[in-house]
Each structure stands twice: as C-alpha cells, then as structure tokens.
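Each chain is listed here by its residues.
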Amino acid sequence: ATHVAERRMHPVFSLVNALPNRFKRAMPQIVFNPLKTEERYAEYWEAMATETLEKQLDSKSLINTQMARNVMLFIGDGMSIPTITAGRVYLGGEEKQFAFEQFPYVGLSKTYCANMQVADSACTATAYLGGVKANYGTVGVSAAVQVKDCQAQADPLNHVASIAAWAQKQGMATGFVTTTSVTHASPAGVYAHIANRNWENDAEVLADNGDPNVCPDAAAQLINSPVGQKLNVILGGGRENFLPQQMIDSSGAPGRRMDGRNLIQEWKNQHTNSAHYVENRKQLLSLSNRTSRVLGLFAPYHMPYHLDANPEEQPTLQEMVKVAMDVLDRQSAGRGYFLFVEGGRIDHGHHDTLALRAIDETAEFGKAVGLARSLTSLDDTLIVVSSDHSHTMSLAGYSSRKNDIFGINDGQLAADDLPYATLSYANGPGYDSNYSREKGAVKRKNLRHINMKNKDFMFPSAVPLASETHGGDDVAVFASGPYAHLFSGVYEQHFIPHALGYAGCLIERNMCSDKGVERRPR
C-alpha cells in the first residue's frame, strides 16, 4: 500500500441440487435440498432454538457489575454487518460464528461524523476512543477544528483526550496493535491530535502549507506526546514515517521525514534497556519477559495483507495481540491495562473491492479476539468488539447453502442471461474489471470465464469509482465481561468509550464512585 493509494481510499473533504433452469423473475421458484438430512425436520430447529434459549438465560441471568480491571477495544476497520455474514461462510458455512459473535451483549453504533453523513476512520476514532464526535478527516480534536486547520489543531482547548489517556491517569498499562501504519487514522486516535489524518509525517504537513513545529505530525506525536511516551506497546507498520528521507530501512524503503529526525532512535533514547524495538516476527516472539515497552514496526507503511504476508517475517494479528497482552499484564502491576486492537486492512480490501482479502482479514481479526477472550477472565476483563464504519459490499441473490461466497449466484441468472456474483459493491474500481464496452454498448462480462478465486479479483461494482466508498449504515458492537450489558441497544458511536470508562472507573461518573469502591491503589 502506498500513500497515493491511501489518498485514493480516504479522500479528505472540506465540508444439493437446484432446478436446471435459473429463473430471472424477482422471486424465482428455486428448489435446493437442505444441507443436512436432519434439517428437514422441525425438531432439529426447535432443539437448536432451545439450546440458544438456555445460553441466553445463562449469560443474562446474572449481570456482571464488577470493576473492569482490564479494558480491551477491538475495531475491525470497515467490518460491516454484511462483511461478518460473508465471513461466516468463509469460515465454513452460514451457521458458523466468529468468536465475538458468541459474546452475550450486542448493540448498534451510529457512525456519522459531526459534519458528514458517511464517516471516515478519523472522525470515528475520535468518537470510539475519545467520546466526542468530530469532523471528517480529523483525529483527536473536537468539531471546532476543520480539516487542515493547523492553528486550530495547536489550540489545546480543541484537543480530545482518549481513553488511553484516561487509563494512564489511573496508572494502568496501555498499548495498541494494528495491521496498518501505527500513524494511521484509527491508532492515531489513541495518542494524537491532528487536523488532517494524512499528516502522518512532517512532509505531509509541509505539503499542506502547515508548520510541523505548530502542528506536529502523527509520528512525532506518538514519540513525543505525553500519551505516546507512556505507551507500553506500539505494534504495526509505518517505519517510513519515523525515518529521514536519506535513510533506508531494513526492507530497502526510504524514510519520508524532511526534518532529518530518526524517531525510532529517539524512542530508544527515551526509554530504559527494558524497552525494545523490533521489526520482524522472530524479534517480536523472542522478547524477554522483562520487556517493559515494545515498539514494533513491521513494514514501511501498512503491514501486508495476511494472504500476502511472509509468515517468517510478518507476525499475525493474533501473535501481536498475544505479545501485547503479555507485556501489558506484566507492566500493569495489578492496576490493569487498556489495549486497543485494530484489524485495519479489512477496510483496504473493501476500498479496492477485493472481497476475498477483506474477508480473510476479518477471519484473522476474529482469531485475535478469540485469543484475547480465552486468555482473560470474564470477571475482570471487558472486551468490546466493533467497527468504525461500514462499506458498500452486499451479499445478494438466492444461492444454495454453502455456495462459494466468492463465486457466482447458483440460483438465478440476471436479465442479460449472465450469472452474477454473490458479493458486489455499490461503487468502486470493480466496475471496469467486470464490464466491457462493445460497439458503444456497456455489457457485463461473463463471470464464468473469470477466476473469481484470485485474491486480486475486483468484485463487481455498480458505479465506477477509483476507490469504493464507506457505507453509512450502523455497525455492530459485541461485548463480554464486566458491564457488557451497557453495550446493548442503539446508540451514538461516541458513547462507547464512556461506557468503557464507567466499567473501568476511568471517567468522573463510574462504577467505583457509584458503588463506593476504589480502583486498586498504585
């Protein structure tokens, strides 16, 4: 992924057997056999419903109102509800579940920005990490700051403190993990206050006629801000934003900084010998159990998609989360920790209408959530899983059960007598790869003659755009652990950190004050 591609994806605005014939009628009369013989009988479904009822009664009969000593927030960037649905089929069938879908409490989050109907990852990060709705393209600042307004960014009155800052005030260990650059919009919400999400290094600030001394870039804030300096764990990509232009990193990629600073070295100089910088999987998994802080930058910019990654060089999201939890648990000294985790490349797959990549990234994200829940106690660790915004991918048609989710609909032909894909997008670059122009007429290509299993296949889109847009629909929120019940219902996205803060005694009104208990003293 390049910065050019980044701009394209995120523009900044100033404001068993079927019948032989596949019918084309609106509601085709299709006959498919049930997946399993027992599914023909009502008793099968009644038994399943009874089992689900028992689970619901067990999980909700006793509400957990203990203090959340540890708080973890997982964000699947762009993980819309259709993405989750398609992901289940990718896991093995419509009846499958991601680990987070087994959490007892589920809600819906409204994702719009303060000034935009459809959100980006910047304003949403401010919402779910800072508790305030902000303008499109801005991170960690209030809606008083318009995009690219350097002077407004510099005004501390406009800064929005994140839940990581709240946790640090309580003496908790803190950190974040992402598959994108650590300076990207979502993780930047942990530590930065930026008027333009693209200001990931000083060159980007200068390109917008800003003064990096007045409005420092994200990488500089990560290394030098009060919150950034206290982070125990920083794992993701983005080396180029920390290195000067004249310096080449271990992969042969040049740095992007114009100020001549090596921020990686500055980070090393700030901390003791128990702080370690790593840039490959072996170094990460070989960290000493005395490690107090870790900065891991595993790619020049975003980490590779899981489908493209060299498993010898690139850690998985699951592996990064495991290391992060180990470090944070040791460094918390019983005071607890806050961990933010982003599966960031789900979003990038969707922007390029690369549905296979997006859904594979979702599966990797699900594994990381499952690991985190399996290693922590429901009694004292609150885990919340959500998305920052939706996308325009839909799952459509009348296919048979377990039909290839990345293939064609097997129950219906379109009006042009051609098959259509089960997954498609409202807009995006997939338009050109799925339509042809013949004698002035635009015709769909025959998908039977295209390898849709190719991870680089761009799925069909209705409107031609260089980059598929985000969607404006609500996203799901899944919660498990202390005060997980607060996350049921439909609410504004900026409510999320307030509920986390209540459960973890991190904000003024919290369960500790309401119950007359104290957070474990330092």
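Bear in mind the structure is a predicted one, so any value in this text is a computation, not a measurement. (Residues numbered from 1 in each chain as written. Predicted model: local features only at pLDDT ≥ 70, side-chain atom pairs only at ≥ 80, totals over all residues. Heavy atoms only, no water.)

(A) Structural context of the overall build of the protein. What the protein contains, in helices and strands, is 18 helices and 17 strands. At 24 Å, the protein has a C-alpha radius of gyration in line with the 24 Å of a compact globule built from 522 residues. Taken along its principal axes, the extent of the C-alpha atoms in the protein is 70 × 60 × 45 Å. Relative to its 522 residues, the protein shows a buried fraction of 55%. If the 49 positive side-chain charges of the protein are averaged to one point and the 55 negative ones to another, these points end up 2 Å apart. (Helix = DSSP H or I, 4+ residues; strand = E, 2+ residues; numbered from the N terminus. Rg over C-alpha atoms; globule rule 2.2 N^0.38 Å. Buried < 20%, exposed > 50% of the residue type's maximum accessible area, 1.4 Å probe, protein only. Lys, Arg positive; Asp, Glu negative; His and termini not counted. Charge placed at Lys NZ, Arg CZ, Asp CG, Glu CD.)

(B) Structural detail: the state of the cysteines. For the structure shown, the criterion picks out three disulfides. The disulfide partner of Cys 113 is Cys 123, and the gap between their sulfur atoms is 2.0 Å. Judged by the sign of its S-S torsion, about -65 degrees, the bond between Cys 113 and Cys 123 is left-handed. Of this pair, Cys 113 sits in the loop between strand S2 (105-110) and helix H4 (121-130) while Cys 123 sits in helix H4; the two residues are 10 residues apart in sequence, bridging distant segments of the chain. According to the relative accessible area criterion, Cys 113 is buried, its value standing at 2%. (Disulfide = S-S within 2.5 Å.)

(C) Structural detail: the pattern of salt bridges. Scanning all chains against the criterion turns up 28 salt bridges. Between Asp 380 and Arg 69 there is a salt bridge, and its shortest N-O distance comes to 3.1 Å. Of this pair, Asp 380 sits in the loop between helix H15 (355-374) and strand S8 (381-386) while Arg 69 sits in the loop between helix H2 (42-61) and strand S1 (70-76); the two residues are 311 residues apart in sequence, bridging distant segments of the chain. A salt bridge links Asp 326 to Lys 322, with the nearest nitrogen and oxygen atoms 2.8 Å apart. One end of the pair is Asp 326 and the other is Lys 322, both in helix H13 (residues 317-332) and four residues apart, which spans about a single turn. Through salt bridges with shared partners, a single network forms among Glu 39, Glu 94, Glu 95, Arg 401 and Lys 402. (Salt bridge = Lys/Arg side-chain N within 4 Å of Asp/Glu carboxyl O.)

(D) The arrangement of the sheet that holds strand S14 (residues 461-464) in detail. One open sheet holds the three strands; their spatial order is S10-S11-S14, and the pairing between them is mixed. Whereas interior strands pair on both sides, the edge strands pair on one side only; in this sheet they are strand S10 (393-395) and S14. Along the sheet, successive strands turn relative to each other by an average axial angle of 20 degrees, direction set aside. Taken together, the three bridges between strand S11 (residues 423-428) and S14 define a ladder with parallel strand orientation. Note on S14: the bridge partner recorded for Tyr 425 is Ser 461. (Pairing = 2+ DSSP bridges. Axes fitted to C-alpha atoms, helices over the stretch in contact; angles between N-to-C directions.)

(E) Representation of the confidence of the model for the protein within the structure. On average, residues of the protein score 94 in pLDDT, and 95% of them reach the 70 mark or higher. Confidence over residues 15-20 falls short of pLDDT 50; this stretch has 12 contacts with residues more than four positions distant or in other chains. (pLDDT = per-residue confidence, 0-100. Contact = heavy atoms within 4.5 Å.)

(F) How the structure looks around the nonpolar core. Counting 69 residues, the largest nonpolar core has Leu 73 and Phe 487 as the members making the most contacts within it. Aside from chain neighbours lying at most four places away, what touches Phe 487 is Val 106, Gly 107, Leu 382, Val 384, Val 477, Ala 479, Ile 496, Ala 499 and Leu 500. (Core = buried A, V, L, I, M, F, W, Y, C linked by side-chain atoms within 4.5 Å.)

(G) Layout of helix H3 (residues 81-91). Within H3 the residues assigned to the buried category are Thr 83, Ile 84, Ala 86, Gly 87 and Val 89. In the core, the buried residues of H3 are packed alongside helix H14 (345-351), H15, S10, S11 and strand S16 (475-480). The positive-phi residue at the C-terminal boundary of H3 is Gly 92, with phi of around 145 degrees.

(H) View of the environment of Ala 363. Along the chain, Ala 363 falls in helix H15. The spatial distance from the C-alpha of Ala 363 to the C-alpha of Phe 98 is 7.8 Å, given a sequence separation of 265 residues. Each residue touching Ala 363, except ones within four places of it in the same chain, is listed here: Tyr 90, Leu 91 and Phe 98.

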